[in-house]
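As a plain string of letters, each chain reads:
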Amino acid sequence: QARRPPFLLQDVFASVSASPEELVAKIESARYAGGQARGTFRIAALTTALAPMTLNIAAGGLSVESFFADLGLPGTGLSGAAALEVTLRWGREGITHANGGGRLDIRAGPAASQVRGRFGIPTEGGGPLSVVGGRIGFEACALRFPHSTLDFTGGIPIGNWQPDFD
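Structural notes, computed from the coordinates. A quick note: this is a predicted structure, and the numbers were derived from the prediction, not measured.

### Details of the overall build of the chain
Here comes step 1: Looking only at helices and strands, the chain has one helix and eleven strands in total.
Here comes step 2: Starting at the N terminus and walking to the C terminus, you meet the elements of the chain as β-β-β-β-β-α-β-β-β-β-β-β.
Here comes step 3: The C-alpha radius of gyration computed for the chain amounts to 17 Å, which stays within 12% of the reference 15 Å derived for 166 residues, consistent with globular compactness.
Here comes step 4: When each of the 166 residues of the chain is scored for burial, the buried share is 36%.
Here comes step 5: Expressed as a percentage of contacts within the chain between residues at least 6 apart in sequence, the contacts between residues at least 24 apart total 39%.
Here comes step 6: A total of about 9400 Å² of accessible surface is found on the chain, and carbon and sulfur atoms cover 58% of it.
Here comes step 7: Between the mean site of the 14 positive side-chain charges and the mean site of the 14 negative ones, the chain shows a separation of 4 Å.

What follows is the structure in structure tokens.
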């Protein structure tokens, strides 16, 4: 297991290689929110104070409702499986100041909620992601429900994880 609050990764399998020039961790697989992820984490220039870092993640089958529950918003009923591809780069300031980008795609799930006795709302959509100064930005993204569509912008700051959607 690997925990970086509020997230818990399970069944993490990785191989690590290190030299004075760099450390590379190849994440073979990890489970999160009902889905699977894989990726690469690299720390370059280990012998300098800069230690630039890069994280590439590709994930699929992530429960949208579970993700929002981890953010302190349980029981949203948003039923969908997310696929995410993202690359982040940061330096000594830490991941909360990362830059990068990627894409989020959500496939609709059944009309069932993880909360017993509640109905779920099949949810699909997504769009491009930009990461600037540690804030994951959503621009021109859409969520589609059975009878409506919601265009959304805003973001989620890495670290405090409190959405600031417009």
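### Concerning the side chain of S113
Here comes step 1: Its location among the elements puts S113 in the loop between β7 (99-108) and β8 (121-122).
Here comes step 2: You can call S113 buried: its relative accessible area is 15%.
Here comes step 3: At 2.8 Å, the side chain of S113 and the side chain of E65 are in polar contact.
Here comes step 4: Of note is the side chain of S113, whose polar atom sits 3.0 Å from the backbone nitrogen of V115.
Here comes step 5: In this view, S113 contacts E65, G77, R118, F119 and G120; residues no more than four positions away in its chain are not counted.

### Quick look at the pattern of salt bridges
Here comes step 1: Taken as a whole and judged by the stated rule, the model has five salt bridges.
Here comes step 2: Here R103 and D105 are joined by a salt bridge, their closest N and O atoms 3.2 Å apart.
Here comes step 3: Overall, the relative accessible area of 40% leaves R103 in the partly exposed class.
Here comes step 4: Between E124 and R144 there is a salt bridge; the shortest N-O distance is 3.7 Å. Here R144 lies in strand β10 (residues 135-145) and E124 lies in strand β9 (residues 124-132), a separation of 20 residues in the sequence.

### Focus on unusual backbone geometry
Here comes step 1: Here the residue pair P5 and P6 is connected by a cis peptide bond, since its omega of 10° sits within 30 degrees of zero.
Here comes step 2: Along the chain, the position of P6 falls in the loop between β1 (2-4) and β2 (7-18).
Here comes step 3: Positioned with a positive phi, A33 is a non-glycine residue whose angle comes to about 50°.
Here comes step 4: Tracing the backbone shows A33 in the loop between β3 (22-32) and β4 (35-44).
Here comes step 5: The backbone of A140 sits at a positive phi, close to 55°, despite the residue not being glycine.
Here comes step 6: By the secondary structure assignment, A140 is in strand β10.
Here comes step 7: Look at A140 and you get exposed, because its relative accessible area is 71%.

### Some remarks on the side chain of T123
Here comes step 1: With respect to the element layout, T123 can be found in the loop between β8 and β9.
Here comes step 2: A distance of 2.7 Å separates a polar side-chain atom of T123 from the backbone oxygen of I121.
Here comes step 3: Once you skip the residues sitting within four places of it in the chain, T123 turns out to touch L78, S79, G80, I106, R107, A108, G109, L143, R144 and F145.

### Looking at the layout of surface pockets
Here comes step 1: For the largest pocket, the calculated volume is near 1500 Å³.
Here comes step 2: Around the largest pocket, the lining comprises 47 residues; the ones closest to its centre are F7, Y32, F67, L84 and W161.
Here comes step 3: Its residues assigned to classes, the lining of the largest pocket comprises 39 nonpolar, four polar and four charged.

Analysis parameters
Residues numbered from 1 in each chain as written. Predicted model: local features only at pLDDT ≥ 70, side-chain atom pairs only at ≥ 80, totals over all residues. Heavy atoms only, no water. Helix = DSSP H or I, 4+ residues; strand = E, 2+ residues; numbered from the N terminus. Rg over C-alpha atoms; globule rule 2.2 N^0.38 Å. Buried < 20%, exposed > 50% of the residue type's maximum accessible area, 1.4 Å probe, protein only. Contact = heavy atoms within 4.5 Å. Areas by Shrake-Rupley, 256 points an atom, 1.4 Å probe, with all protein chains shown as cover. Lys, Arg positive; Asp, Glu negative; His and termini not counted. Charge placed at Lys NZ, Arg CZ, Asp CG, Glu CD. Polar contact = N/O pair within 3.5 Å; in protein donor to acceptor, adjacent residues only side chain to side chain. Salt bridge = Lys/Arg side-chain N within 4 Å of Asp/Glu carboxyl O. 1 Å grid on protein atoms, 1.4 Å probe; cavity = no way out; pocket = protein on both sides within 12 Å on 5 of 7 lines; lining within 4 Å. Points joined across faces, edges and corners; volume = space filled by probe spheres on them. Nonpolar A, V, L, I, M, F, W, Y, C, P; charged D, E, K, R; others polar.

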